[in-house]
Amino acid sequence: MVLLMNRRSLAVLFGLAAIAVTGCGGGGGTSGGGGGGGGGTDFNIIAAGGSGVNSVILRGRVVDSDFGTPIGGVRVDLYSATGSVLGSNTSNSQGYVGFQTNVTAASVHIVRSSVNTTAYFGTYLYSGSSYSMSVPTCRAGLGVLAPGSDITLPTLQLIPTTSVPPLPPTCP
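Residues numbered from 1 in each chain as written. Predicted model: local features only at pLDDT ≥ 70, side-chain atom pairs only at ≥ 80, totals over all residues. Heavy atoms only, no water.

Draft legend 1. Quick look at the environment of Ser 107. As for its position among the elements, Ser 107 is in strand E6 (residues 105-110). Taking C-alpha positions, Ser 107 is 7.4 Å from Ala 81, a pair spaced 26 residues apart along the chain. (Helix = DSSP H or I, 4+ residues; strand = E, 2+ residues; numbered from the N terminus.)

Draft legend 2. Here's a closer look at the pattern of salt bridges. Counted according to the given criterion, the structure contains 2 salt bridges. Between Arg 59 and Asp 150 there is a salt bridge whose closest N-O contact spans 2.7 Å. Of this pair, Arg 59 sits in strand E2 (residues 55-64) while Asp 150 sits in strand E10 (residues 150-152); the two residues are 91 residues apart in sequence, bridging distant segments of the chain. Summarising the burial analysis for this pair, Arg 59 and Asp 150 share the class buried. (Salt bridge = Lys/Arg side-chain N within 4 Å of Asp/Glu carboxyl O. Buried < 20%, exposed > 50% of the residue type's maximum accessible area, 1.4 Å probe, protein only.)

Draft legend 3. Layout of the environment of Ala 119. Tracing the backbone through its elements, the reader meets Ala 119 in the loop between E6 and strand E7 (120-126). According to the relative accessible area criterion, Ala 119 is partly exposed, its value standing at 25%. Taking C-alpha positions, Ala 119 is 8.5 Å from Ile 159, a pair spaced 40 residues apart along the chain.

Draft legend 4. Local environment of the packing of aromatic side chains. Inspection of every chain in the model, using the stated rule, returns 1 aromatic pair. Residue placement shows Arg 139 over the ring face of Tyr 79; its charged tip is 4.0 Å from the ring centre. (Phe/Tyr/Trp six-rings, centres within 6.5 Å; stacked < 30°, edge-to-face > 60°. Lys NZ or Arg CZ within 6 Å of the ring centre and 35° of its normal.)

Draft legend 5. Just empty space enclosed by the protein, in detail. This structure, assessed with the given rule, holds 1 cavity of 30 Å³ or more. Volume-wise, the largest cavity comes out at about 30 Å³. Leu 58, Arg 59, Gly 60, Val 76, Val 97, Gly 98, Phe 99, Val 108, Leu 153 and Leu 156 together form the lining of the largest cavity. When contributions to the lining of the largest cavity are tallied by element, the ones reaching two or more residues are E2 and strand E5 (96-102). (1 Å grid on protein atoms, 1.4 Å probe; cavity = no way out; pocket = protein on both sides within 12 Å on 5 of 7 lines; lining within 4 Å. Points joined across faces, edges and corners; volume = space filled by probe spheres on them.)

Draft legend 6. Inspection of the nonpolar core at higher detail. Residues Leu 58, Ile 110, Tyr 124, Tyr 126, Leu 142 and Leu 158 are the most contacted members of the largest nonpolar core, which totals 27 residues. Within the residue set of this core, elements represented by two or more residues are E2, strand E3 (75-80), E5, E6, E7 and strand E11 (156-160). Those residues in contact with Ile 110 that lie beyond four places of it in its chain are Val 74, Arg 75, Val 76, Val 115, Tyr 124, Met 133, Leu 156 and Leu 158. (Core = buried A, V, L, I, M, F, W, Y, C linked by side-chain atoms within 4.5 Å. Contact = heavy atoms within 4.5 Å.)

Draft legend 7. Inspection of the pairing of strand E4 (residues 85-90) at higher detail. Of the pairings in the sheet, the one linking E3 to E4 comprises 5 bridges and is antiparallel in character. Within the sheet, the bridge partner assigned to Leu 78 lies in E4 and is Gly 87. Between E3 and E4, which pair antiparallel in sequence order, lie 4 residues; one of them, Gly 83, sits at a positive phi of approximately 95°. (Pairing = 2+ DSSP bridges.)

What follows is the structure in structure tokens.
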């Protein structure tokens, strides 16, 4: 059991390291359209209400919090600051999900019905905080987005049911 706690602690630390590199959901990022510098990584980017000068590219990945393995088939919704859904995308086989949106994008949320409930708890980790998949208003904030940005988000981490139960969600 101690080993599982250490694995999750490492996953949270890796998530925090991603914040330091990307700047709280709004810095860093990879250059290039769709390539991402990772040998042709397919970030599965869809249009979500963004074009022109206020366009922003958001790239994310859904992974297992204990092992960092990618999880495909997980629906991620993108919300505006007013709570409107700007778009929905499903992670590909490598866990990648992306949106071409605009600066009004404010948060992301994993849809519970798209997750294997026997394999994963109903909570996900993002930037060191936990969020409930069962509560649509419990969403992970993106921070301030700058027009023209190409942003790699911190990983969205699903917690396996074989792991230590997650902390209570951090919801607004």
